[in-house]
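Structural description and commentary
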Amino acid sequence: MSHITILGIESSCDDTSAAVIRDGYLLSNVVSSQKIHEAYGGVVPELASRAHEQNIIPVVDQALKKAGISKKELSSVAFTRGPGLMGSLLVGTSFAKGFARSLNIPLVDVNHLQGHILAHFIQVEGEDHQFPKFPYLCLLVSGGNSQIVLVRSYNDMEIIGQTIDDAAGEAFDKCAKVMGLPYPGGPVVDKLAKLGNPQAFKFSKPHIPKYDYSFSGLKTSFLYRLRDEVALNPNFIEQNKESLCASLQATVVDVLMDKLRKASKALGIKEVALSGGVSANTGLRTAFADHAKRYEWTIHIPKFAYTTDNAAMITMTGYFKYQDGLFASMDVAPYSRVTL
Ligand code: KG4
């Protein structure tokens, strides 16, 4: 039997990553995270592209070695086409094209968001896996996205609700910055929230129709509350950090779950998955578990390694697209902004 062996490349933001999947099983997933941005409090696009250029060959080399696969065994090269930072995407795209061309194998372009959604299908031989059943709802929450996606099959999905302004991760990061916490703020807020009272502070929740989200009002409400309190007591933030984090987290989680519950009820779908960087959030994971019990949802939460940017999810998506014959032509170019 001939194998389907895919090499996948991810370079949309500040992680350079390569993975190998053979016949649906993950053989390797190498991620090189760029530490350089921490000093700047956010990703610096120019530095990110440069680091990708430096990292890409060693990362691919390592992924192939770890997988025990030689270049000649590859069936296809998959890569992240977008959304993401243009300079970063160009590095992965150009590398993938050159590599596929030199091996005379087809190229598969992958939408990064589809990758996050199909991360639930990554499997490692010998490990137990419970895949979502179609159709399922996926809450995709990251630094750049907050959306509810109706997933009908691997290559057929539709956004039914999304943020009209900031993403959930952005709300965590921006509010954390106001409190003087380090970047990225999401994980720090999560950690401090465990020590605070989630009922201590009330922040405004959006009132927008259907399944859409909005987080810019929350950010403003948080900022104004802190400004007013600090005017009265300069030590307010330091004295209330834990409860501010707990209350912020509880508000974000409530907003996210309210719309997801509404969508699940209206569409009659109880198969519900969580994807993206913010899915690491403890409060959100607990809310998912509570909903599973209360509303008889079957929930799917990916392993931590597959929630942040990684090539395993890009390669998995590439594998499904390859099987459906969805190839890219050699004149394909990346796109920085794109939806599903
Ligand atoms: O998917 P991702 O790695 O990349 C982007 O889309 O940027 O998501 C990163 C986002 C950041 O906003 C980060 O603060 C947030 O996910 N994040 C968290 C947690 N871990 C990461 N937010 C809340 N709680 C966490 N534990």
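Just so we're clear, the structure is a prediction, and the values are computed from it rather than from any experiment. (Residues numbered from 1 in each chain as written. Predicted model: local features only at pLDDT ≥ 70, side-chain atom pairs only at ≥ 80, totals over all residues. Heavy atoms only, no water.)

Moving on, we come to the site of the ligand. Neighbouring the ligand are 17 residues, the closest being Gly 143, Asp 173, Asp 190, Gly 277 and Asn 281. The separation between an oxygen atom of the ligand and a polar main-chain atom of Gly 143 is 3.0 Å. Gly 169 has a polar backbone atom sitting 3.3 Å from an oxygen atom of the ligand. Burial of the ligand by the protein amounts to 83% of the accessible area it has alone, namely 550 Å². Breaking the shell around the ligand down by element, the ones donating at least two residues are helix H4 (168–178) and helix H5 (185–193). By residue class, the composition of the shell around the ligand is five nonpolar, nine polar and three charged. (Near = heavy atom within 4 Å. Polar contact = N/O pair within 3.5 Å; in protein donor to acceptor, adjacent residues only side chain to side chain. Areas by Shrake-Rupley, 256 points an atom, 1.4 Å probe, with all protein chains shown as cover. Helix = DSSP H or I, 4+ residues; strand = E, 2+ residues; numbered from the N terminus. Nonpolar A, V, L, I, M, F, W, Y, C, P; charged D, E, K, R; others polar.)

The full count for this structure, using the stated rule, is 17 aromatic pairs. Taking 6.3 Å as the distance between ring centres and 75° as the angle between the ring planes, the aromatic pair formed by Phe 288 and Trp 297 counts as edge-to-face. Residue Trp 297 is classed as buried on the basis of its relative accessible area, which comes to 6%. Taken together, Phe 121, Phe 131, Phe 134, Tyr 136, Tyr 154, Tyr 319 and Phe 320 form an aromatic cluster joined through their ring pairs. Sitting above the plane of the Tyr 224 ring, Arg 227 keeps its charged end 4.6 Å from the centroid. (Phe/Tyr/Trp six-rings, centres within 6.5 Å; stacked < 30°, edge-to-face > 60°. Buried < 20%, exposed > 50% of the residue type's maximum accessible area, 1.4 Å probe, protein only. Lys NZ or Arg CZ within 6 Å of the ring centre and 35° of its normal.)

Below, the discussion takes up the sheet that holds strand S10 (residues 298–300). Strand order in the open sheet formed by five strands is S8-S7-S6-S9-S10, and the pairing between neighbours is mixed. The outermost strands of the open sheet, each flanked by one partner alone, are strand S8 (156–162) and S10. Looking at each pair of strands side by side, their axes are set apart by 25° on average, direction ignored. Sheet analysis places strand S9 (residues 271–275) next to S10, joined by three bridges and oriented parallel. In the sheet register, Ala 273 faces S10, and the bridge partner there is His 300. Sheet contacts for helix H7 (residues 236–267): strand S6 (136–141), strand S7 (146–153), S8 and S9; angle to S6, the most-contacted strand, approximately 165°. Contacts from helix H8 (residues 282–295) reach S6, S9 and S10 within the one sheet, and its direction differs from that of S9 by about 175°. (Pairing = 2+ DSSP bridges. Axes fitted to C-alpha atoms, helices over the stretch in contact; angles between N-to-C directions. Contact = heavy atoms within 4.5 Å.)

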